[in-house]
Amino acid sequence: MVLHLPALVAALTVVLLAVLSWNVGRARDRYGVKAPATSGPPEFERAFRVQMNTLEGALMFLPSLWLFGHYVNPLWAGILGFIWLVARAWYAVAYGAARNRSIPFGLAGAVTGVLLFGSLFFIVRAMLLQS
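This one's a predicted model, so the numbers in the text were calculated from it and none came from an experiment. Per chain, residue numbering runs from 1 following the sequence as it is written. Only residues with pLDDT of at least 70 get local features here, since the model is predicted, and only at 80 or more are side-chain atom pairs given and counted; chain-wide, interface and lining totals rely on the full set of residues. Processing note: side-chain calculations cover all non-hydrogen atoms of the structure and skip hydrogens and water entirely.

Regarding the overall build of the chain
- Looking only at helices and strands, the chain has four helices and zero strands in total.
- By definition, any uninterrupted DSSP run of H or I lasting at least four residues is a helix, any uninterrupted run of E lasting at least two residues is a strand, and each is numbered from the N terminus. Starting at the N terminus and ending at the C terminus, the chain contains elements arranged as α-α-α-α.
- C-alpha extents for the chain along the principal axes are approximately 60 × 25 × 25 Å.
- Throughout, exposure labels follow a simple rule: accessible area from a 1.4 Å probe, protein chains only, divided by the maximum for the residue type, with under 20% read as buried, over 50% as exposed, and the rest as partly exposed. When the 131 residues of the chain are sorted by exposure, 36% land in the buried category.
- In this description, contact between two residues means that some pair of their heavy atoms is separated by no more than 4.5 Å. Here the analysis covers contacts within the chain between residues at least 6 apart in sequence; of these, 68% occur between residues at least 24 apart.
- Approximately 7800 Å² of the chain is accessible, and the part contributed by carbon and sulfur atoms is 71%. Only the protein chains shown count as cover for residues, and all accessible areas are computed by the Shrake-Rupley method using a 1.4 Å probe.

Below you can see the structure in the form of structure tokens.
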């Protein structure tokens, strides 16, 4: 079961991205912002920025999650991945409500950093042990 946690987190990340994309579509309709425009009322721009910021973060998070799960520990990759998901959902709610979003943004960034640098450490370690 533990081996499947990173896969579950990856699938839930895709669900989160789909929900945020759908939210932008709803905001386009609600505020009359025709594609391909990316500016409009502040409510639309917040929905758009949440989606784009989360997509940008996921681009770094997902490979780091998989590498950490493979080279370090799948259980800890899953736990950290769930923390990232909760932080990004918290970020989306805070951003959408025009509230302070620095704590969830920082938490998600810290998780990505742990996953990435932990992976790098253990990848280099594995390479050195093989030579």
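Observations regarding the pattern of salt bridges
- Salt bridges are identified by distance alone: a Lys or Arg side-chain nitrogen within 4 Å of an Asp or Glu carboxyl oxygen. Applying the stated rule across the entire model yields one salt bridge.
- Between glutamate 56 and arginine 49 there is a salt bridge; the shortest N-O distance is 3.9 Å.
- The class for arginine 49 is partly exposed, based on a relative accessible area of 29%.

Topic: the packing of aromatic side chains
- We call Phe, Tyr and Trp rings a pair once their centres come within 6.5 Å, taking the six-membered ring for Trp, and we label the pair stacked below 30 degrees between planes, edge-to-face above 60, and tilted otherwise. According to the stated counting rule, one finds five aromatic pairs in the structure shown.
- When the centroid spacing of 4.0 Å and the interplanar angle of 0° are considered together, the rings of phenylalanine 61 and tryptophan 84 count as stacked. With phenylalanine 61 in helix α2 (residues 42–71) and tryptophan 84 in helix α3 (residues 74–96), the pair connects residues that are 23 residues apart, well separated along the chain. Each member of the pair, phenylalanine 61 as well as tryptophan 84, is classed as buried.
- Their ring planes at 80° and their centres at 5.1 Å tell us that phenylalanine 121 and phenylalanine 122 sit as a pair that is edge-to-face.
- Residue phenylalanine 121 is classed as exposed on the basis of its relative accessible area, which comes to 51%.
- Relative accessible area serves as the criterion here: at 28%, phenylalanine 122 is assigned to the partly exposed category.
- One aromatic cluster is present, built from ring pairs that chain together Tyr91, Tyr95 and Phe105.
- Positioned over the ring face of tyrosine 91 is arginine 88, at 4.3 Å from the centre of the ring.
- For arginine 101, the ring lying beneath its charged end belongs to tyrosine 95, and the centroid distance is 3.8 Å. In our convention, an over-ring charge means Lys NZ or Arg CZ found within 6 Å of a ring centre and within 35 degrees of that ring's normal.

A word on the packing of helix α1 (residues 5–31) against α3
- Angles here are taken between N-to-C directions and fall from 0 to 180 degrees, while the axes themselves are lines fitted to C-alpha atoms, restricted in helices to the stretch in contact. One way to put it is that α1 packs onto α3 with a least axis distance of 8 Å and a crossing angle of 15°. Relative to α3, the element α1 is oriented roughly parallel. For the element pair α1 and α3, the recorded crossing hand is left-handed. Listed contacts from α3 to Leu5, Pro6, Leu8, Val9, Leu12, Thr13, Leu16 and Leu20 of α1 are Pro74, Leu75, Ala77, Gly78, Gly81, Phe82, Trp84, Leu85, Arg88 and Ala92. When describing relative orientation, an angle under 35 degrees is termed roughly parallel and one over 145 degrees roughly antiparallel, while 65 to 115 degrees is termed roughly perpendicular and anything else oblique. Should the near helix be turned counterclockwise from the far one by less than a right angle, the crossing is left-handed, whereas a clockwise turn marks it as right-handed.

Focus on unusual backbone geometry
- Cis peptide bonds are those with omega within 30 degrees of zero, and the linkage from alanine 35 to proline 36 qualifies with 15°.
- Note that proline 36 resides in the loop between α1 and α2.
- At alanine 98, a residue that is not glycine, the phi angle is positive and equals roughly 55°.
- The residue alanine 98 is located in the loop between α3 and α4 (102–130) in this model.

These values are about where atoms sit, not about what they do.
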